[in-house]
Amino acid sequence: MTALAQNRATVGIAFILVGVLAISVNDMLVKRLSGGYPLHEIVFARSAIGICFSLIIVQIEGGWRILRTSQPGLQLLRCLLVVIANMTFFVALAAIPLAEATALFFAAPLFITVLSIPFLGEKVGIMRLSAVLVGFAGVVIMQRPWAGTESLGVSRIVLLLPVFSALTYALNQILTRKLGVTSKASALAVYMQGTFVAVSLGFFLVAGDGRFAEGSDSASIIFLLRAWVWPHGGDLWLMTALGANAAIIGYCLAQAYRSADAATVAPFEYVGLPLAVFWGWLIFGTLPAWEVWAGIALILGSGLFVFLRERQKAKVISRAPSRR
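Just so you know, these numbers come straight off a predicted model, no measurement behind them. (Residues numbered from 1 in each chain as written. Predicted model: local features only at pLDDT ≥ 70, side-chain atom pairs only at ≥ 80, totals over all residues. Heavy atoms only, no water.)

### Overview of the overall build of the protein chain
For clarity, the cut-off: Counting from the N terminus, the helices are DSSP H or I runs at least four residues long and the strands are E runs at least two residues long. Throughout, radius of gyration means the C-alpha value; the globule benchmark is 2.2 Å times the number of residues raised to the power 0.38. Partly exposed describes any residue whose relative accessible area lies between the buried limit of under 20% and the exposed limit of over 50%, with all areas from a 1.4 Å probe on protein chains only and scaled to the type maximum. Contacts are residue-level and defined by heavy atoms, with any inter-residue pair within 4.5 Å sufficient. We count Lys and Arg on the positive side and Asp and Glu on the negative side, and we leave His and both chain ends out. Charged side chains are reduced to one point each, which is NZ for Lys, CZ for Arg, CG for Asp and CD for Glu.
Within the protein chain, the secondary structure is distributed over 14 helices and 0 strands. Each helix and strand of the protein chain, placed in order from N terminus to C terminus, yields the pattern α-α-α-α-α-α-α-α-α-α-α-α-α-α. By the compact-globule yardstick of 20 Å for 324 residues, the protein chain fits well, its C-alpha radius of gyration being 20 Å. A buried classification covers 53% of the 324 residues belonging to the protein chain. For the protein chain, the proportion of contacts with a sequence separation of at least 24, taken over those separated by at least 6, is 85%. In the protein chain, which carries 24 positive and 14 negative side-chain charges, the distance between the mean positions of the two groups comes to 17 Å.

Shown next, in the form of structure tokens:
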């Protein structure tokens with residue numbers, strides 16, 4: 001691996017670590033606000049504020065001209081995928097403990113590693129693929145296929161939502177890697193935040209009065225469709241913090257996957273697992289069940305193996321000319 005490739009990998013890893021920390025704070029704040037506000041209101045506030053911060057970064061990175069794109073179709077597809085990933089995860093978050101929802105979502109780096117083979121042409125050996133299978137086994141354990149709905153406390157559909165979110169998120173990051181060749185990270189963040197604003201306003205026009213949530217006893221449905229209300233007390237500041245945090249997330253994730261191979265960056269997203277456990281314990285007073293602990297152990301173990309295998313691979317390649 002050349003010095004330039006190593007530097008880009010280091011930059012990508014640094015950005016993904018900051019982005020994952022920001023994501024963990026975002027998820028904690030959304031769950032905290034989920035009891036009193038609809039999801040589309042929280043998303044609107046977060047994205048409307050976040051796009052303002054992102055536009056400032058646009059000016060720093062080159063001005064309005066960098067918002068022009070030669071691939072509007074792929075940009076729109078990428079944005080819709082990230083909207084679906086976020087909305088499905090947040091809907092699940094209203095009914096599932098933070099650590100459990102996050103652990104299930106961490107099928108995403110596994111999906112990214114696998115999808116980087118056909119979509120990006122990246123080389124992933126049999127040992128890393130075996131580690132990915134171990135990680136997916138952890139996801140299956142957390143799904144508790146042997147348990148009934150009553151003991152789970154939520155429906156199977158809600159429990160599968162974070163996994164579906166992981167798949168759409170993985171597809172989004174693969175597209176980010178492709179689009180990052182010609183688009184700045186700040187531009188990618190603006191496209192994403194703009195799509196969130198448009199979708200949340202659409203929800204407001206259709207369901208903003210809360211009529212579709214009436215009579216429902218599902219925490220997820222109520223969170224998705226309850227009526228808009230003006231933020232009270234310190235919640236307005238929490239939503240402002242969400243907006244600033246959203247700008248950090250959008251920029252850091254886009255920059256990470258622009259800077260390095262997806263299979264190199266993705267394993268570092270596992271840092272979000274212990275962060276989710278920490279926030280769940282500190283803010284909500286919950287700790288994972290044994291199945292979740294077992295799943296986290298398998299996912300973290302597989303992620304650590306992939307990381308160590310990647311380092312070993314880099315040492316070997318560093319002695320030969322780079323093929324990139």
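Moving on, there is more to tell.
### Quick look at a nonpolar patch on the surface
Stated formally: Surface patches are drawn from residues lacking salt bridges whose relative accessible area is over 30%; two like charges belong together within 9 Å, two nonpolar side chains (Val, Leu, Ile, Met, Phe, Trp, Tyr) within 5 Å. Working definition of accessibility: Shrake-Rupley area with a 1.4 Å probe, residue cover restricted to the visible protein chains. Whenever a carboxyl oxygen of Asp or Glu lies within 4 Å of a side-chain nitrogen of Lys or Arg, that contact is scored as a salt bridge.
Together, Phe 278, Trp 281, Leu 282, Ile 283, Leu 287 and Trp 293 make up a nonpolar patch on the protein surface, roughly 620 Å² of accessible area in all. With 4 residues, helix H13 (residues 272-284) is the largest single contributor of residues to the nonpolar patch. As for its position among the elements, Trp 293 is in helix H14 (residues 290-317).

### Structural notes on the packing of helix H5 (residues 108-120) against helix H6 (residues 126-143)
Short version of the rule: Think of each axis as a best-fit line through the C-alpha atoms, taken over the contacting stretch in the case of a helix, with angles from 0 to 180 degrees between the N-to-C directions. Take the far helix as the reference: if the near one is turned anticlockwise from it by less than a right angle, the crossing is left-handed, and if turned clockwise, right-handed. Gly is placed with the polar residues, together with every amino acid not listed as nonpolar (Ala, Val, Leu, Ile, Met, Phe, Trp, Tyr, Cys and Pro) or charged (Asp, Glu, Lys and Arg).
As a packed pair, H5 and H6 sit with axes 9 Å apart at the nearest point and diverge in direction by 145°. Note on packing geometry: the crossing formed by H5 with H6 is left-handed. Contacts from Leu 110, Phe 111, Thr 113, Val 114 and Ile 117 in H5 reach Leu 129, Val 132, Gly 135 and Phe 136 in H6. Here the contact of H5 with H6 is composed, by residue class, of 7 nonpolar, 2 polar and no charged.

### Some thoughts on the pattern of salt bridges
One pass over the full model with this rule turns up 2 salt bridges. Glu 100 is the partner of Arg 144 in a salt bridge, and the nearest nitrogen-oxygen pair spans 2.1 Å. Residue Arg 144 is located in the loop between H6 and helix H7 (149-152), and its partner Glu 100 is located in helix H4 (residues 98-105); the two are separated by 44 residues in the primary sequence. Across this residue pair, the class does not change: Arg 144 and Glu 100 are buried. The partner of Arg 211 in a salt bridge is Asp 209, with the nearest N and O atoms 2.8 Å apart. Judged by relative accessible area, Arg 211 falls into the partly exposed class, the value being 42%.

### Some points on the nonpolar core
Our working definition: Throughout this description, the term nonpolar core refers to a set of buried Ala, Val, Leu, Ile, Met, Phe, Trp, Tyr and Cys residues connected via side-chain atoms within 4.5 Å.
Core analysis: the biggest nonpolar cluster contains 78 residues, and Ile 16, Leu 39 and Ile 42 have the highest contact counts within it. Considering every element that reaches this core, the biggest residue donor is helix H3 (residues 72-93), with 9 residues. If near-sequence neighbours (up to four positions away) are discounted, Ile 16 is found in contact with Leu 253, Ala 256, Tyr 257, Val 265, Phe 268 and Glu 269. Counting residues in hydrophobic clusters, the runner-up holds 7 residues, among them Cys 79, Leu 188, Tyr 191 and Tyr 251.

### Here's the deal with H6
Inclusion rule: The span expected for a helix works out to 1.5 Å for each residue beyond the first. Relevant arc is that of directions from the helix axis to the C-beta atoms, nothing else.
Here H6 is 18 residues long and its end C-alpha atoms lie 26 Å apart, about the 26 Å a rise of 1.5 Å per residue gives. Within H6, burial applies to Arg 128, Ala 131, Val 132, Gly 135, Gly 138, Val 139, Met 142 and Gln 143. Axial view of H6: buried residues confined to an arc of 150°, hence all on one face. Residues of H6 that are exposed and angled more than 90 degrees away from the buried face: Ile 126 and Leu 133.

### Considerations on the environment of Val 132
Of note, Val 132 is situated in helix H6. Taking the C-alpha atoms as reference points, Val 132 and Leu 253, separated by 121 residues in sequence, lie 21 Å from one another. Once residues within four sequence positions are removed from consideration, Val 132 is found in contact with Leu 110, Thr 113 and Val 114.

### Some remarks on the packing of aromatic side chains
Basically, it comes down to this: Ring pairs shown here join Phe, Tyr and Trp side chains whose ring centres sit within 6.5 Å, with only the six-membered ring taken for Trp; geometry is labelled stacked below 30 degrees between planes, edge-to-face above 60, and tilted in between.
Evaluation of the coordinates by the stated rule reveals 11 aromatic pairs. Ring centres 5.7 Å apart and planes at 45° place the aromatic pair Phe 44 and Trp 228 in the tilted group. Of this pair, Phe 44 sits in helix H2 (residues 39-61) while Trp 228 sits in the loop between helix H10 (219-225) and helix H11 (235-259); the two residues are 184 residues apart in sequence, bridging distant segments of the chain. A network of ring pairs unites the aromatic residues Phe 89, Phe 90, Phe 105, Phe 106 and Tyr 169 as a single cluster.

### Things to note about the side chain of Gln 143
Within the secondary structure layout, Gln 143 lies in helix H6. According to the relative accessible area criterion, Gln 143 is buried, its value standing at 10%. Leave out the neighbours within four places in its chain, and Gln 143 touches Leu 104, Leu 152, Arg 156, Leu 159, Leu 160 and Val 163.

### Observations regarding the side chain of Ser 24
Tracing the backbone shows Ser 24 in helix H1 (residues 3-33). Ser 24 gets classed as buried once you look at its relative accessible area, which sits at 7%.

### Comments concerning the confidence of the model for the protein chain
Filter applied, for reference: Each residue carries a pLDDT score, the predictor's own confidence in it, on a scale running from 0 to 100.
Here the protein chain shows a mean pLDDT of 83. Residues at 70 or above account for 90%. In this model, residues 315-324 is a region of pLDDT below 50 whose contacts with residues beyond four sequence positions or in other chains number 6 contacts.

### Observations regarding the environment of Ile 117
Looking at the secondary structure, you find Ile 117 in helix H5. Of the residues examined, Ile 117 reaches a relative accessible area of 32% and is grouped as partly exposed. A sequence separation of 58 residues divides Ile 117 from Leu 175, and the C-alpha atoms of the two residues are 13 Å apart. Once residues lying within four places of it in the same chain are set aside, the contact partners of Ile 117 are Glu 122, Val 124 and Leu 129.

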